[in-house]
Protein chains: 2
Amino acid sequence: MTKLVECIPNFSEGQRKEVIESLAQIISEVPGVILLDYSSDTSHNRSVFTFVGTPEGAKEAAFRAAQKAVTEIDITKHKGEHPRMGAVDVIPFVPVKGMTMHECIELSKEVAVRISNELGLPVYLYEESASKPERANLATIRKGQFEGMAAKIKTPGWEPDFGKAEIHPTAGAVAVGARMPLVAYNINLSTSDIQIANNIAKIIRESSGGLKYVKAIGVKLEDRNIAQVSINMTNYEKTPLYRVFELVRVEAQRYGTGIIGSEIIGLTPMNALIDSAKYYLQIEGFDDKKQVLENYLMQG
Amino acid sequence: MTKLVECIPNFSEGQRKEVIESLAQIISEVPGVILLDYSSDTSHNRSVFTFVGTPEGAKEAAFRAAQKAVTEIDITKHKGEHPRMGAVDVIPFVPVKGMTMHECIELSKEVAVRISNELGLPVYLYEESASKPERANLATIRKGQFEGMAAKIKTPGWEPDFGKAEIHPTAGAVAVGARMPLVAYNINLSTSDIQIANNIAKIIRESSGGLKYVKAIGVKLEDRNIAQVSINMTNYEKTPLYRVFELVRVEAQRYGTGIIGSEIIGLTPMNALIDSAKYYLQIEGFDDKKQVLENYLMQG
């Protein structure tokens, strides 16, 4: 069975179309890689690419794109709303087919070593690849952003996992790691009151004591005049979609509010949805690997 | 994108292990074909094989298996509970990847022509391939079984679609056609009263005025001492699982009974489950083709 890994590198450039296109081009040209999607946000001044590939292809594409970013993007000149610490800011790898998390962690470390050796970029391992618990969370590593990293990287306990304790003068630093697939999942409420969405977000998210593997904030959808609980699910196997959905429903009832719909943004692994179907349909003893036809069709 | 078709041929032999194994062997040996599963029932005296393959591979494997069945199985000597009209009784093809139903119908006709020409078997096209509405349903074609086919095939309106109006002396006749994937879906009730399961089955099935594309009977699960509504869903896109599940729940309430669980038997396409997740999670504007990661992984 062919092993496949997904990679979702983030770059601190969302405005210069020719740079963004050159990154897309470089990724697409690597054998064994399929560029699935890329999008840029001009106010964030950031671009996100999504590709899948064989382990060898994905490593090569991630490296070549990082190399291009180091050449083309000067982080000292970067202005944008999104927090960042490097030209290539973060490179997550996700095991998607025939690959264990352990193998994906090893793969991420190989890319990290090559980036630090050949590009002179200091690398922090994060998420599942993190060398210490406090480095699992990207936001903790990146705190202080590029402007603060020159000093932070020399602070005891914040030396990089690979490379010298010194930022790259124009490319900063990068986080590389393996993680579970993220599911971006939003739940729309039958109210326009963002305070209700904020209250519910606070109840469900891990950081304020809610469900583990859930990040959430309240947002207002101005065009539809409704409030939304905007959610990132960082491990849909351990905290499934239906559990978040039902908890939001229960908490919304306190305000006489309901759920008018939900949205999945971008890509999701099929199991994130199949798990919820199994819950609601009360399906007993179902073996995803053996009973879902598509799992055989991917054996090529 | 590689096109893939599933084929689920049924043979009137469920007892002689060497014949069953030789059929499995012949299917497995065809390039471009993966034999996923096969099972035999001795009281039915019948075996069912499931394989997927490229269009060319699937056609070849279906033909070779039919050829072997004509050589090895004498339908005049067949005794078993399952209705049958031929040594190879029915050969359904299901489009599973990169293939339209129209293409699958054409493929089924190519196999039908070859079987009739080279094996001298009369072929009835059925399901989506049927030449007349009354031939869509296998049970209608097979009515009278092998013993009645010698006369039925000469009756005006029942001439075969391919081949002479005469049964093969030892192999009878065969039905070949394209169809949607079947989902075998059972719902277990919190009662041991089979009469309740029978009443609910009658309400939900198409033949007695219920939901289109639903076949259902009540059965008793002796080992668990519960009644079950045993269902075949012949088009999960048009009548989805959640609708059947919720209708059974509503009807069970009349008897003060509930659903303790459900089961999917054998293989299901992922979309049969994803559709239900979308319903219960109230997911808006989700594009399965573009948003389910596995749909990209199957592009090879």
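To start, this report covers the structure provided alongside it. (Residues numbered from 1 in each chain as written. Chains lettered and ligands numbered in written order. Predicted model: local features only at pLDDT ≥ 70, side-chain atom pairs only at ≥ 80, totals over all residues.)

**A closer look at the overall build of chain A**
Step number 1: Looking only at helices and strands, chain A has 10 helices and 11 strands in total.
Step number 2: In terms of C-alpha radius of gyration, chain A reaches 20 Å, essentially the compact-globule figure of 19 Å for 300 residues.
Step number 3: Expressed along its principal axes, the backbone C-alpha trace of chain A runs to roughly 55 × 45 × 40 Å.
Step number 4: The proportion of buried residues among the 300 residues of chain A is 46%.
Step number 5: When contacts within chain A are restricted to residue pairs at least 6 apart in sequence, those whose partners lie at least 24 apart make up 71%. (Helix = DSSP H or I, 4+ residues; strand = E, 2+ residues; numbered from the N terminus. Rg over C-alpha atoms; globule rule 2.2 N^0.38 Å. Buried ≥ 20, exposed ≤ 12 C-beta atoms within 10 Å, placed from the backbone. Contact = placed C-beta atoms within 7 Å.)

**Thoughts on the sheet that holds strand 11 (residues 259-265) of chain A**
Residues and elements named next belong to chain A.
Step number 1: Read across the sheet, four strands follow the order 9-10-8-11 without closing on themselves; strand pairing throughout is antiparallel. In this open sheet, the two strands that pair with only one neighbour each are strand 9 (214-221) and strand 11. Taking the axes of each pair of neighbouring strands and ignoring which way they run, one obtains an average angle of 20° across the sheet.
Step number 2: Note that strand 8 (residues 183-189) and strand 11 share six bridges and pair antiparallel. In the strand pairing of strand 11, Leu189 is matched with Ile259.
Step number 3: Sheet strands in contact with helix 7 (residues 241-253) are strand 8, strand 9, strand 10 (226-233) and strand 11, and its direction is about 25° off that of strand 8. (Pairing = 2+ DSSP bridges. Axes fitted to C-alpha atoms, helices over the stretch in contact; angles between N-to-C directions.)

**Details of unusual backbone geometry**
Step number 1: The backbone phi angle of Tyr213(A) is positive, close to 70°, even though this residue is not glycine.
Step number 2: Considering the arrangement of structural elements, one finds Tyr213(A) in the loop between helix 6 (194-204) and strand 9.
Step number 3: Taking the number of C-beta atoms within 10 Å as the measure of exposure, Tyr213(A) has 18 and is therefore partly exposed.
Step number 4: At Asn225(B), a position not held by glycine, the phi torsion is positive, near 55°.
Step number 5: In this structure, Asn225(B) sits in the loop between strand 9 (214-221) and strand 10 (226-233).

**Digging into the nonpolar core**
Step number 1: Of all hydrophobic cores here, the largest spans 180 residues; its most connected members are Val5(A), Ala66(A), Val174(A), Val5(B), Ala66(B), Ala69(B) and Val174(B).
Step number 2: Leave out the neighbours within four places in its chain, and Val174(A) touches Ala66(A), Gly86(A), Val88(A), Asp89(A), Val90(A), Ile91(A), Ile115(A), Leu121(A) and Val123(A). (Core = buried A, V, L, I, M, F, W, Y, C linked by C-beta atoms within 7 Å.)

**Here's the deal with helix 3 (residues 101-119) of chain A**
Along an α-helix, a turn takes 3.6 residues, which lines up residues three or four apart on a common side.
Residues and elements named next belong to chain A.
Step number 1: In this model, helix 3 (19 residues) spans 26 Å end to end at C-alpha, consistent with the 27 Å of a helix rising 1.5 Å per residue.
Step number 2: Taken together, the buried positions of helix 3 are Cys104, Leu107, Ser108, Val111, Ala112, Ile115, Ser116 and Leu119. Viewed along the axis of helix 3, the buried residues span an arc of 165°, placing them on a single side of the element. Of the residues in helix 3, the exposed ones pointing more than 90 degrees away from the buried face are His102, Asn117 and Glu118. (Expected span 1.5 Å × (residues − 1). Arc of directions from axis to C-beta.)

**Things to note about the interface of chain A and chain B**
One frequent convention defines the size of an interface as the accessible area lost when the parts assemble.
Step number 1: Between chain A and chain B, the contact holds 39 residues from the first and 39 residues from the second.
Step number 2: Breaking the side of chain A that touches chain B down by element, the ones donating at least two residues are strand 3 (33-41), strand 5 (88-97), helix 7, strand 11, helix 8 (270-280) and helix 10 (293-297) of chain A.
Step number 3: The greatest single-element share of the side of chain A that touches chain B, amounting to six residues, is contributed by helix 8 of chain A.
Step number 4: Counted by class, the side of chain A that touches chain B contains 25 nonpolar, 10 polar and four charged residues. (Nonpolar A, V, L, I, M, F, W, Y, C, P; charged D, E, K, R; others polar.)

**Observations regarding helix 8 (residues 270-280) of chain B**
Step number 1: Counting buried positions along helix 8 of chain B yields eight of 11 residues, so the element is predominantly enclosed.
Step number 2: Those residues of helix 8 of chain B that sit buried are Met270(B), Asn271(B), Ala272(B), Leu273(B), Ile274(B), Ser276(B), Ala277(B) and Lys278(B).
Step number 3: In this fold, the buried residues of helix 8 of chain B make contact with helix 8 and helix 10 of chain A together with strand 8 (183-189), helix 7 (241-253), helix 9 (288-291) and helix 10 (293-297) of chain B.
Step number 4: Positive backbone phi, approximately 50°, marks Gln282(B), located one or two places after helix 8 of chain B.

**Here's the deal with the relation of the copies chain A and chain B**
Step number 1: Overlaying chain A with chain B gives an RMSD of 0.0 Å, the required rotation being 180° about an axis along which the chain moves by 0.0 Å. What the superposition gives is, in effect, a two-fold axis relating one chain to the other. No C-alpha of chain A approaches the rotation axis more nearly than that of Ala277(A), which lies at 2.2 Å.
Step number 2: Both copies share a contact surface, since 100% of the interface residues of chain A are interface residues in chain B too. (Least-squares fit on C-alpha atoms with pLDDT ≥ 70 in both.)

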